[in-house]
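# Architecture at a glance
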Amino acid sequence: MVRQAVRDVRTAPSPPSENPSADPEVAAGRQLADDLVARAHAIGELLLEVALAYLCGTEATDILSLLCAQIGENLEHGLAARRYALSGDRRALHNGL
């Protein structure tokens with residue numbers, strides 16, 4: 001239910017560019033970045049199901065520390081992914097990834 005509400009309100013990661021670079025290395029790098037962002041968004045949505053959006057970062061940290069340890073995710077990465085899922089702004093990932 002929370003995941004659907006987040007999807008209704010927030011924007012999902014933008015789709016890959018329709019005009020890929022002629023340089024295969026640049027195109028591969030962009031694809032890798034898009035894949036990482038999409039995965040961060042999915043992890044963020046999962047974490048939002050556990051620590052709802054109204055919780056501040058400190059409260060979310062207390063709740064998510066055990067879950068992140070169990071799924072093998074660094075807590076800072078998880079919190080950054082949660083912020084990204086909330087905002088849809090890739091800049092939320094810069095401090096956590």
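Everything numeric here is computed off the predicted structure, so don't read it as measured data.

### Here's the deal with helix 3 (residues 57–71)
For helix 3, the principal kink sits at Leu64 and spans about 45°. If you check which residues of helix 3 are buried, you get Ala60, Leu64, Leu67 and Cys68. Buried positions along helix 3 lie against helix 2 (24–50) and helix 4 (75–87).

### Details of the packing of helix 3 against helix 4
Two elements in contact, helix 3 and helix 4, have axes whose closest approach is 9 Å; the angle formed by their N-to-C orientations is 120°. Judged by the inter-axis angle, helix 3 sits oblique to helix 4. For the crossing formed where helix 3 meets helix 4, the hand is right-handed. On helix 4, the residues that touch Ala60, Thr61, Leu64, Ser65 and Cys68 of helix 3 are Leu75, Gly78, Leu79 and Arg82.

### Considerations on helix 4
Over its 13 residues, helix 4 runs 18 Å from end to end, which matches the ideal 18 Å to within 8%, given 1.5 Å per residue. Turning to helix 4, its buried residues number three or more, namely Gly78, Leu79, Ala80, Ala81, Arg82, Tyr84, Ala85 and Leu86. Of the residues flanking the start of helix 4, the one acting as N-cap is Asn74, its side-chain oxygen 2.7 Å from the backbone nitrogen of Glu76. Gly88 occupies a position one or two residues after helix 4 and carries a positive phi of about 75°.

### Topic: the packing of helix 2 against helix 4
For the pair helix 2 and helix 4, the least separation of the axes is 7 Å and the interaxial angle reads 90°. The angle between the axes of helix 2 and helix 4 places the two elements in the roughly perpendicular class. For the pair formed by helix 2 and helix 4, the contact residues are Val37, Ala40, His41, Ile43, Gly44, Glu45, Leu47 and Leu48 on the first element and Gly78, Ala81, Arg82, Tyr84, Ala85 and Leu86 on the second. Of the residues contributing to the contact of helix 2 with helix 4, the split by class is nine nonpolar, three polar and two charged.

### Structural notes on the pattern of salt bridges
Tallying each qualifying case throughout the model produces two salt bridges. Note that Asp89 is salt-bridged to Arg91, the shortest N-O span being 2.6 Å.

### Observations regarding the nonpolar core
Residues Leu47, Ala51, Leu55, Ala60, Leu64, Leu67, Cys68 and Leu79 constitute the largest nonpolar core, which totals eight residues. The element contributing the most residues to this core is helix 3, with four residues. Residues in contact with Leu67, not counting those within four places in the same chain, are Leu47 and Val50. Core analysis: the second largest hydrophobic core is formed by six residues, Val37, Tyr84, Ala92 and Leu93 among them.

The rules we used
Going along each chain's sequence as written, the residues are numbered from 1 onward. Per-residue local features are limited, in this predicted model, to residues with pLDDT of at least 70; the limit for side-chain atom pairs, both in listing and counting, is 80 or more; totals at the level of whole chains, interfaces and linings are taken over all residues. Hydrogens are left out, water is left out, and the side-chain values use all remaining heavy atoms of the structure. We define the bend at each residue as the angle formed by axes fitted to the 7 residues ending at it and the 7 residues starting at it. Comment: elements are numbered from the N terminus, with helices defined as DSSP H or I runs of at least four residues and strands as E runs of at least two. Think of it in three bands: with a 1.4 Å probe and only protein chains considered, a residue is buried below 20% of the maximum accessible area for its type, exposed above 50%, and partly exposed in between. We call two residues in contact when some of their heavy atoms are within 4.5 Å. Orientation is described by lines fitted to C-alpha atoms, with helices fitted over the stretch in contact, and by angles between N-to-C directions that extend from 0 to 180 degrees. The scheme is simple: roughly parallel for angles under 35 degrees, roughly antiparallel for over 145, roughly perpendicular for 65 to 115, oblique for anything else. Here a crossing is taken to be left-handed if its near helix is turned anticlockwise relative to the far helix by less than a right angle, and right-handed if that turn runs clockwise. Helix span, as expected, comes to 1.5 Å for every residue beyond the first. Residues adjacent in sequence count toward polar contacts only when both atoms are side-chain atoms; beyond that, a polar contact is any pair of N or O atoms within 3.5 Å, and within protein one must be able to donate a hydrogen and the other to accept it. Note that Gly is not counted as nonpolar here; it falls among the polar residues with everything else outside the nonpolar set of Ala, Val, Leu, Ile, Met, Phe, Trp, Tyr, Cys and Pro and the charged set of Asp, Glu, Lys and Arg. Between Lys or Arg on one side and Asp or Glu on the other, a salt bridge is scored when a side-chain nitrogen of the former is within 4 Å of a carboxyl oxygen of the latter. To qualify as a nonpolar core, a set must consist of buried Ala, Val, Leu, Ile, Met, Phe, Trp, Tyr and Cys residues joined through side-chain atoms within 4.5 Å.

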